[in-house]
Amino acid sequence: MSNVRVLVGTRKGAFILSSDGKREKWDVSGPHFAGWELYHLKGSPADPNRIYASQTSGWFGQVIQRSDDGGKTWFQPGTPAGEPTTNPQGMPIGESNKFVYDDSPETGKPLTTHQWYDGTAKPWVFKRVWHIEPSLDDPDTVYAGVEDAALFKSTNGGQTWAELPGLRGHGTGAQWQPGAGGMCLHTIILDPKNRDRIFIAISAAGAFRSDDGGTTWKPINKGLHSQYIPDPTAEVGHCVHHVAQHPSNANLLFMQKHWDVMRSDDAGDSWQEVSGNLPTDFGFVIDVHAHEPETIYVVPIKSDGEHYPLDGKLRVYRSRSGGNEWEPLTKGLPQNNCYVNVLRDAMAIDKLDSCGVYFGTTGGQVYVSPDGGDNWAPIVRDLPAVLSVEVQTLP
Amino acid sequence: MIRIVMPAHLRTLAAVSGEVTLEIEGEVTRQAILDGLEKRYPMLRGTIREHVSRERRPFLRFFACGEDVTHKDPNAPLPPEIASGAEPFYVIGAIAGG
């Protein structure tokens, strides 16, 4: 029987939740990296025991951690525990936490400033890694989405990182502004059908696509309408919260925007709103069923000021028609006095025959539905605020 | 021999417990201590000072012999008690968050 391993990043460490295919009984390990913010953990599709983690702190900055044994032990790439930290010449081995923007004359020249909240120009300053996306094929190749928004890539297992400067430098970078959570690159999708295609999304710049492996980029925000910006249909400036893709139909994308749930049938070239009968079209997470490309999940959140579920009822909404027609999923979820949030990277889908859906809350609960959303149960109830949830389906 | 006391999180990253000791050649300054610390424990690079600017991270402070030397010239000599190892050099996380 297959197993699942759920990787949970929280405000105060990482937790790993493991179960068999029934997903009823769970082993919980952690906290790993206790006291640190774990923005994201993700396993390599090519080697599930290879897991990368983004460990950050307002005091001590960014650290990248890696496990090669499924999360049992961890090390900073380039400085494995017990091994020399310098080469024979005395130079440090590995710079796994070094994220330096490209300011070279050749490729970094146009990368000067972005806009601050008040519209003034502000230089890029690295703050943290929001999202880690391992390559589909190579365990040593991994991408990192960072704040201030940029995309980095490592081809040596996270030891060293280099910016893909074509994103910031494609032309609109100077117009990007931060969302309320900072100017973060939070979504990275590596296209399983076309290895040269990468999608990313930034709050609050929008979605972008590369068709040449990350060298050149273009905004893909046509059809988005954001009434809170000066030009509601501008090429960039949209506060995209998350984007999801189904592997079987790589041109089909779903987006949870600050307001509006959107879909694209042409790889982001155009978008249509599919909020339909949702009680509010604000939210952070969105994800797609493992076996049904038109079955999608969101968690509507009351906004702009509140950021908790409507009426104190935690409800996942499912559409089986690719949007517009939505049904609330409530069985096993609290239906009174619930005022938690579900952050943008805190939903995940497993690949078991009976598709499992997972999400974590700022109240420290991680919920699982082993039957595609019909029934829910908490795996854990009292973790620190959950920042991210990923799941690995293991043989 | 220089003695250095670091916050618990940095000790965990460096896989050390208690004080760290270093031998520093030449004048003992804050810069020399941090350079030596980062050379011996490269995993600490970027956690005390920014990688490129080499500026102190905002929520960290430095103390020597009971004195806050955070805003003093990083290349100024530290007291002889630090240089001799009689007193440790402290890297301290600012109290913030309440």
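Because the structure is a prediction, the values reported are computed rather than measured.

**Q** Describe the overall build of chain A, with residues and values.
**A** Secondary structure summary: chain A contains zero helices and 29 strands in total. Computed over its C-alpha atoms, the radius of gyration of chain A comes to 20 Å, within 12% of the 21 Å expected for a compact globule of 395 residues. Judged by the C-alpha coordinates and their principal axes, chain A covers about 60 × 50 × 40 Å. With 395 residues in all, chain A has 53% of them scored as buried. Here the contacts in chain A between residues at least 6 apart in sequence split such that 50% fall between residues at least 24 apart.

**Q** Talk me through the overall build of chain B; I want residue IDs and the actual numbers.
**A** A tally of helices and strands in chain B yields three helices and five strands. Relative to a compact globule of 98 residues, whose C-alpha radius of gyration would be 13 Å, chain B shows 13 Å and is just as compact. Taking the principal axes of its C-alpha atoms as reference, chain B extends roughly 35 × 25 × 25 Å.

**Q** Tell me what's going on with unusual backbone geometry, and back it up with residues and numbers.
**A** Residue and element names in this part refer to chain A. G30 connects to P31 through a cis peptide bond whose omega is 5°. Of note, the phi angle at N337 is positive, near 55°, even though the residue is not glycine. Tracing the sequence through the fold places N337 in the loop between β24 (327-329) and β25 (347-349). By C-beta crowding, N337 is classed as exposed, having 7 other C-beta atoms within 10 Å.

**Q** Requested: an account of the sheet that holds strand β3 (residues 60-64) of chain B, with residues and values cited.
**A** All names here are of chain B. Spatial ordering of the open sheet is given by β2-β1-β5-β3-β4, a layout of five strands whose pairing is mixed. Strands with a single pairing partner mark the edges of an open sheet, and in this sheet they are β2 (20-22) and β4 (67-68). In the sheet, β3 pairs with β4 via two bridges, with the strands oriented antiparallel. When the bridges of β4 are listed, F63 appears paired with D68.

**Q** I'd like to hear about the nonpolar core, residue by residue, with values.
**A** Among the nonpolar cores identified, the biggest contains 129 residues, and V8, I200, Y358, V366 and V389 of chain A are the most heavily contacted of them. In this structure, I200 of chain A is in contact with G145, L151, L167, L185, T187, I188 and F208 of chain A, ignoring residues within four places of it in sequence.

**Q** Describe the sheet that holds strand β5 (residues 51-57) of chain A, naming the residues involved and giving the relevant values.
**A** Residues and elements named next belong to chain A. With antiparallel pairing, the three strands of this open sheet are ordered in space as β4-β5-β6. Every other strand in the sheet has two partners, leaving β4 (37-43) and β6 (61-67) as the edge strands with one partner each. Sheet twist, expressed as the mean angle between neighbouring strand axes with direction ignored, is 15°. By the bridge criterion, six bridges tie β4 to β5 in an arrangement that is antiparallel. Considered in β5, the bridge of E37 is made with T56.

**Q** Account for the interface of chain B and chain A, with residues named and values stated.
**A** Every contact between the two is made by 16 residues of chain B and, on the other side, 21 residues of chain A. With three residues, the top contributor of residues to the side of chain B that touches chain A is helix α1 (residues 8-14) of chain B. Tallied by class, the residues present in the side of chain B that touches chain A amount to nine nonpolar, five polar and two charged.

**Q** Which residues make up the confidence of the model for chain B, and what are the values?
**A** In this model, chain B carries a mean pLDDT of 92, and residues with pLDDT of at least 70 account for 97%. Looking over chain B, one finds the lowest element-wise mean pLDDT in α1 of chain B, namely 92, and the highest in strand β1 (residues 2-5) of chain B, namely 98.

**Q** How would you summarise the environment of D140 of chain A if you had to cite specific residues and measurements?
**A** Residues and elements named next belong to chain A. On the secondary structure map, D140 appears in the loop between β9 (128-134) and β10 (142-147). Its 17 C-beta neighbours within 10 Å are what place D140 among the partly exposed residues. For the pair formed by D140 and L310, sequence separation is 170 residues and the distance between their alpha carbons is 43 Å. Those residues in contact with D140 that lie beyond four places of it in its chain are T155, N156 and G157.

**Q** Break down the environment of D137 of chain A for me, with residues and values.
**A** Following the sequence through the fold, D137 of chain A ends up in the loop between β9 and β10. The exposure class assigned to D137 of chain A is exposed, which follows from the 12 C-beta atoms found within 10 Å.

**Q** Tell me about the pairing of strand β27 (residues 366-369) of chain A, residues and numbers included.
**A** All names here are of chain A. Residues V366 and V368 of β27 are buried on one face, and the alternating residues Y367 and S369, pointing to the opposite face, are buried as well. As judged from the four bridges shared by strand β26 (residues 357-360) and β27, these two strands associate in the antiparallel manner. By the bridge assignment, V357 is partnered in β27 with S369. The hairpin turn running from β26 into β27, its antiparallel successor, is five residues long, and G364 in that turn takes a positive phi close to 90°. As paired strands, β27 and strand β28 (residues 377-380) are joined by three bridges and run antiparallel to one another. Within β28, the position partnered with V366 by the bridge is V380.

**Q** Account for the environment of P74 of chain B, naming residues and giving values.
**A** Residue and element names in this part refer to chain B. Among the structural elements, P74 can be located in the loop between β4 and α3 (80-84). We classify P74 as partly exposed; it has 19 C-beta atoms within 10 Å. Sequence separation of P74 and T29 is 45 residues, and the distance between their C-alpha atoms is 6.5 Å.

What counts, and at which threshold
- Residues numbered from 1 in each chain as written.
- Chains lettered and ligands numbered in written order.
- Predicted model: local features only at pLDDT ≥ 70, side-chain atom pairs only at ≥ 80, totals over all residues.
- Helix = DSSP H or I, 4+ residues; strand = E, 2+ residues; numbered from the N terminus.
- Rg over C-alpha atoms; globule rule 2.2 N^0.38 Å.
- Buried ≥ 20, exposed ≤ 12 C-beta atoms within 10 Å, placed from the backbone.
- Contact = placed C-beta atoms within 7 Å.
- Pairing = 2+ DSSP bridges.
- Core = buried A, V, L, I, M, F, W, Y, C linked by C-beta atoms within 7 Å.
- Axes fitted to C-alpha atoms, helices over the stretch in contact; angles between N-to-C directions.
- Nonpolar A, V, L, I, M, F, W, Y, C, P; charged D, E, K, R; others polar.
- pLDDT = per-residue confidence, 0-100.

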